[in-house]
Amino acid sequence: MSSINVESVSHAIAESLEKDEQQWDYLSQLTSSQNGLYNYDANRLTKVKEVSVPKAISDSIHHQNVLDSRHCFGGFFEVINRAYFVVHSSIFLWDYENKERWCCLNQFNDEITAVCLVRAKANMFIDKIRFLLIVATKIEIMLIGIGFANNSTTLDAELEAFPTKYSTSTDNVSVNQIVADCDTQRVFLCCDHGNVYEFEYFYKQNLFGQHCRTCVKSNISDSFTSKLLKSFTFPENNNGNGSGSGSNQQNTRSTVPKQNGIIDLVIHPDIFNTKCLFSLSANGDIHGYVFCYHEATPNTNTAATVSPSSQRQQQQPQQAAAAASPPQPQQPQPPQQRRVMSKMLAYSGKKLWNEIQLQIQQMTDDNQSYFYHRDVRLVKLFAITKYESQRCQLMGVTRDGDRLFFQISSNDALSMSWWNMELCFVRIRAPFLNYQQTQHQQQSSFEPCIQASSPCGIHASACLHHNGVTFMNSVKNYHSHSHTHHHHNNDCLMLLWRNDVETQKSKYGRPQLIESIECDIVSGSSSARGGGGGGGGRHDNLILAMCQVPPRHLPSVLLFSSKELHNKPSAGAKPLVGLSQFALQHVLPAPEFLCLRKHCLVAYRLRRTIDIFKECLLHRNHARILHFVNSIGLIECEVMCLFILLAAADTEQHPSSSTTATAATSTSTTTSVIRSEALSLFQTEVSQHSDQLYQDLMLRLNCPCSKLLSIYLCVSRILRPLWSHTICVVDVAHNHLISARYSLEQLLAVATPLKTLKALLPELTVNVASSTIKEQQLPAVHAWLDQCLQTLHALMALTHCPFSRVYDELSNDDQILLQHMSFEQLLVKESGTALLRNVVHSLTTNNKLSEHHIKQLHTHCPLYFSSAQFVTFLFQSQLSRDGHHPHAQGGGALESALTMLCEVCGDPSFDLQNVCALLMNAAYYTGVVKLVFTLQARLMAQIQELYTHKQHQHQLQVQQHQQLPQQQLLLQVPSASSTSVDAQIVQLKNRVLCAWQQIFECLHRLFVVAEHGAHRHQHVPADLGEHQNRVLALCVQQDNRDFAYKLYEWCLEHNIHLLHKLFTFKPKPKYLENFLGENIVASTGGTSTAAAGGGADGGDDEHEMSRVQQQLQQQQQHERNRRLKELVAFYKANSETAKMVQLLDALTKSSGFTLHERYNFLIEARRATQTLNEKRVQFDPHNVSNDRYNKFAEKANLCKIQLDVLYTLKRKCNAAAGNNSSLCVQDRDLVSLEYKLLNLEQIYEMCKQYELHECCLDCLAFTNDAKVVDYVNRCWCLYIADCIKTQRSQWTQYLAEHFASLVNRYNLQQQPWMFDANEIVFYLNLTNLQTNAQPSDEVVLDILYPNIKQLTYEQLLTVYKHVLARIETPYKVNIARSIWYLIVDKNPGADHPAQRPHAHHRASPLNNPRVAQAQHNNKLLLQSSSTNDLRQDLISNCLSYLQKLVQHQPQYESLLADFRRALSEQYQNK
């Protein structure tokens, strides 16, 4: 069923519920001239039983009547099932349920004038005292504790009375009546002096710290001045002038009451959202008081200043309970916080008489004449609730049975200003006390009229009014000898009840008020229907009191009206008020009333309409049935038929076991007849032209016939206990403890009739002629009932486990929804359905329910617990029973379970994540993959169907647009169906992605967690490799491109080794090469253009967007480059060398790679090209392969130079940062070096810019051009100068360590210009001599030889000959010493140190035996002639220079001698 149908049916149910609360306000437009009819054609009042008063009580009453009949009265304490009789100073309490049980309280010392029973306050009395009996005598008011024997909690035990110390004086006034408010426990007294008091009792502490019990009666009716005057004198008490007038229970006690004496008190539950107290005086004065909680002011007649809302918050009902411990001291309330009463209304008897005179003028002439000559006196007041009438709030009853209706108004109800009251109309008494139709006179309804046969002699104690039902007494004056009965004290009981659904209208077109009147006498006799009238022929059996028996069997779930729920807190909402009588009769028993007479008690039952209707159906009284249809309407009759059918079905399913076989057979036959007639009546098509009450509702709900509306009404009345309530209750007083609102029995009481109604729907509508009902509305109702029953069964499942466990497992949002969502919202709103699904899901986890209950949940709630969820539960239960190891279950068990899961996996409620977790815990990883791929196939099929449907809809729209004119095309609104289809497609795709995630979870467990555990030497399953291979094989075989891409992405991100493992799969994995080679960098041209076109105000936003866009591009480029590198590995693993070379060549030119990565690409490309050359079998005349190889080699060398430049710059930057020195290296140069391949010229210029002389030499070497020798020499000089600059005095040591290695990097045989020894050695010696104060003659030679591998000894001899010739004269002696060091110590044939000149304090090698031995050995090694010639030539040049030098500087004689000796040895060696 679609959601529209669900909402429409739910709307109809809500409208029906509201209709049951919209009763006709018959009093709103009535006047004294037109105020309805009296109908005598009724038979609802039935006497149930009559019980005689115990003889002891009766005799005591009779004895007192002989002495003084004014001092005897009675009434009911129905809360404890007791009737009471007050006889002078004694109180008799009689249990009318057990007629032999009674007791007498006779410890009072004076005449009792009034009594009242209230619940005891908590923590003030002992446990046994549950109630308090307030007794007022002529001299004092006292409290008597009432409890039950053995501390019984039931009402059928013996009563126990406990005297208390609470008492106070009456102050010489006679208390006429005591009333108590059951909600606030406030007690009020009225007296013959004309005052109204509030009575309170405390347990407080006095000024001396002593605890005492105190009673207080506060006058609430006088002003402050009146109280002050009366405090100086006691009120006059004239017994002869009515001092004996008592409460409303004692009409015989006050024959002549005082004119200002209060004769009645009544509490109104709600006037302007406030409780009120009204008092009635003997002369007709009516005063009203408001319940207030505020600071008391001296003048209580002033208006209250507290608002009704704050007043309601302060009024907390005191629940009756016995004290659990001995009384504890209770501090009294401060006077400013005590409960007070504010007088808000004063209506005088004179004003009443004037308004009655105005109303009399609207009456007929005969009625006017009667009222003109009679003094109208009110004897009783009754409250009229807002549910009974919005116009009238009070009803007064006269002693002749006329009823006066009053309206109370206020100029500003919120500010509690003074109230006004006026008489609306007078409802004249009925013309007859009892009327019997004859054959010739069929009239049964009469207008109000005062006749001799009208009721009379009304007294207050016998009057009762509640929700349109009124009881009165009347003197029996109907039969011919009625004049004799005025001399006897004998009453009859009269009932007046209002028909709330009367369909007739008056001639003015207004709803016609029709009150049915019944009496407990029959014409010509004193017997009542059902067994005779009360009293059994006694002539002094006066009615003492009337009461309604509290229902003994209330429904398991109380019914509330929406007004009570919305306008009051749930603690203060009153059940069963504000609802139509027809909305309650299927759950409430027939109301019972008790009539207490002097000598007997008579119980009456007011039969329900459905009871009378059943009787008509049983006797097949079609005329009476037709009368019902005309009187209460066809729809209500059909609703009663439905409830009869539902009750009959329930009786058949659950027959009573306590009845005998004969009684059961008789009951079954009766039920069968009634059911058959009810079904026949419902199936019959009857015109509903006269049904005024539901005509507007039928139009609003578009009901073609009355049967559909009847079904709506029936369902709404069944669901009222749940409809507007939440399914849980939060107990704020107990730390916000949450619990389920309904028990299993309560939910069954609602679900059972709904289930029966759902089954009866086809049978009920078999004769319906409307096709709309059969094809649309009834299927919608049927489907709605199905959903409602599923919801109820889900709530029933909640009762099988602690509600708090389910609540705690819900999310915070669901917990908030659960606290505030009503049953109606669970049905109508999608959030309610989702919430209930989450609740049911929580129910089925963690063993909250048994398997039996979960199977029932699946059977009854497929909407909330689908087959997929049920199969998941069974699988989980199987794993729990058999253990989680796969070998414990057997492969067949897991595979069969997997087959079941695959069948239901397409359901949206399938919990794939939970199932996959169970499968993985059972180490059935291949099952996870198979289940996911099965779900994927089904979802993809659904997606394809949606695409096809969308395409078809698009074609239809195109055809429709082609047929429409251009003007209408402009007004076309995009269809919502395409949007819905797109949303469904997106949802299905998301489900597919979530399903794939479970496979990746398997891979994570198998390849990440397991390998991590292996590295930590943890236990690894022996079959781990087998699981890995199986799962990988299933994943690789999948044909879905999107999944393959997701798989490769996961491997690339989480486990690169797994991706490399996929490279070796045979055959190759599908889409892997495409995935690695796909260009994922998105084009951003459009975004950049849009950003550039923004205004100046959006500059910051544009900059932020540009930055984010750049970051996104960098991430995409990084991911793309990462894939391309893996693609290289893929080609390499699959021996696709040609593709690998092409890709590597492209990667070296692509952006986003670092320089080191490009160098690796070039090296790898060079190797791959070499491999291709080795495997080449085709003829290559143009040497293409070799050229490619050389190209990669050259690029690699150049890239290596650039790497050196980059690393050198970085080292310099780091060193500068460590020394806090400044090195200006531009970031763009570093970026260019890092991420670009520069050409040789760019590298060389950058090296020159940053004085990277070593790198400059590498660049010049890369040119392989002899013409760059000048640049090379300059670079060497700059390098040496830089070493001196940086190393200072240690520069020679630094060169000794690094210079040779730098020179050895170059192949001087192929590139001799890279090291011009003549120039460089000359520059080194000159620099050494110029930069050092005491230059070393050996350091340059130590730097050069033999460290430079490609610099020979012969070359060195030639170089120093050139140096000696070029060096300036002052430095030639130093060069000569260096030459001496060269020819002696550096001689390749000598392994001993040379004799140093005397200036350097070196020992002569000749004096050293080791030198001698070396010389001997060197003789064995003959040097070449060229070397000797070079050495001889060099020595000769030094001798010629030294000989000239010695002439001017004799200190060099020793050096000259050394060279001469060396020259002579050289000649000898030759």
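Quick notes on the rules
Residues numbered from 1 in each chain as written. Predicted model: local features only at pLDDT ≥ 70, side-chain atom pairs only at ≥ 80, totals over all residues. Heavy atoms only, no water. Pairing = 2+ DSSP bridges. Helix = DSSP H or I, 4+ residues; strand = E, 2+ residues; numbered from the N terminus. Axes fitted to C-alpha atoms, helices over the stretch in contact; angles between N-to-C directions. Expected span 1.5 Å × (residues − 1). Contact = heavy atoms within 4.5 Å. Buried < 20%, exposed > 50% of the residue type's maximum accessible area, 1.4 Å probe, protein only. Phe/Tyr/Trp six-rings, centres within 6.5 Å; stacked < 30°, edge-to-face > 60°. Lys NZ or Arg CZ within 6 Å of the ring centre and 35° of its normal. Salt bridge = Lys/Arg side-chain N within 4 Å of Asp/Glu carboxyl O.

**Considering the sheet that holds strand β12 (residues 187-191)**
If you walk across this open sheet you meet the four strands as β11-β12-β13-β14, and the pairing is antiparallel. Every other strand in the sheet has two partners, leaving β11 (175-180) and β14 (211-219) as the edge strands with one partner each. Each strand axis lies, on average, 25 degrees off the axis of its neighbour in the sheet, ignoring direction. Direction of pairing for strand β13 (residues 196-205) relative to β14: antiparallel, over a ladder of nine bridges. Among the inter-strand pairings, K204 is bridged to a residue of β14, identified as C212.

**Details of helix α40 (residues 1269-1287)**
The end-to-end C-alpha distance of α40, which contains 19 residues, comes to 27 Å, matching closely the 27 Å that a straight helix rising 1.5 Å per residue would cover. Its buried side turned inward, α40 meets α38 (1240-1249), α39 (1253-1263), α41 (1291-1304) and α42 (1317-1331). Phi turns positive one or two residues past the end of α40, at R1288, with a value near 55 degrees.

**Remarks on the environment of Y1189**
One can find Y1189 in helix α36 (residues 1184-1218). By relative accessible area, which is 26% here, Y1189 ends up partly exposed. Taking C-alpha positions, Y1189 is 5.6 Å from R1166, a pair spaced 23 residues apart along the chain. If sequence neighbours within four positions are ignored, Y1189 has contacts with R1166, T1169, Q1170 and N1173.

**Here's the deal with the packing of aromatic side chains**
One pass over the full model with this rule turns up 34 aromatic pairs. Between the aromatic rings of F865 and F870, the centroid separation amounts to 6.4 Å while the plane-to-plane angle is 80 degrees, which identifies the pairing as edge-to-face. Residue F865 shares its accessibility class with F870, and that shared class is buried. Through successive ring pairs, a cluster of aromatic residues spans F933, W996, F1000, F1043 and W1050. The aromatic ring of F682 is capped on one face by K707, whose charged end is 5.8 Å from the ring centroid. Above the face of the F1322 ring, R1366 is positioned so that its terminal group lies 4.1 Å from the ring centre.

**Observations regarding the environment of A783**
Inspection of the secondary structure assignment puts A783 in helix α15 (residues 771-798). Take A783: its relative accessible area is 23%, and that puts it in the partly exposed class. Considering only alpha carbons, one finds A783 and V6, 777 residues apart in sequence, at a separation of 8.0 Å.

**Things to note about the pattern of salt bridges**
Considering all chains together, one arrives at 59 salt bridges under this definition. When the shortest N-O distance is used, the salt bridge between K380 and D264 registers 3.2 Å. Of this pair, K380 sits in strand β19 (residues 378-383) while D264 sits in strand β15 (residues 262-271), and the two are 116 residues apart along the sequence. Taken as a pair, K380 and D264 share a single burial class, namely buried. The salt bridge involving E677 is made with R620; its shortest N-O contact spans 3.0 Å. Here E677, found in helix α11 (residues 661-683), pairs with R620, found in the loop between α8 (609-618) and α9 (622-632); they are 57 residues apart in sequence, far enough to count as distant.

**Some words on unusual backbone geometry**
Cis geometry is adopted by the peptide bond preceding P1067, which originates at K1066 and carries an omega value of -5 degrees. Tracing the sequence through the fold places P1067 in the loop between α30 (1056-1063) and α31 (1072-1077). The step from Y1345 to P1346 runs through a cis peptide bond, and the omega angle for that step is 5 degrees. Relative to the helices and strands, P1346 is located in the loop between α43 (1339-1344) and α44 (1353-1366). In this model, H736 sits at a positive phi of 55 degrees, which is unusual for a non-glycine residue. In this fold, H736 is placed in the loop between β31 (728-731) and β32 (737-740).

**What about the pairing of β13?**
For β13, the tally of buried residues reaches eight of 10 residues, placing the bulk of the element in the interior. Pairing between β12 and β13: four bridges, direction antiparallel. Its bridge partner being in β13, L189 is matched across the sheet by Y197. The antiparallel hairpin formed by β12 and β13 contains four residues in its connecting segment, where G194 sits at a positive phi of about 100 degrees. Taking the residues that link successive antiparallel strands as the turn, the β13-β14 hairpin has five residues, and the phi of G209 there is positive, at about 85 degrees.

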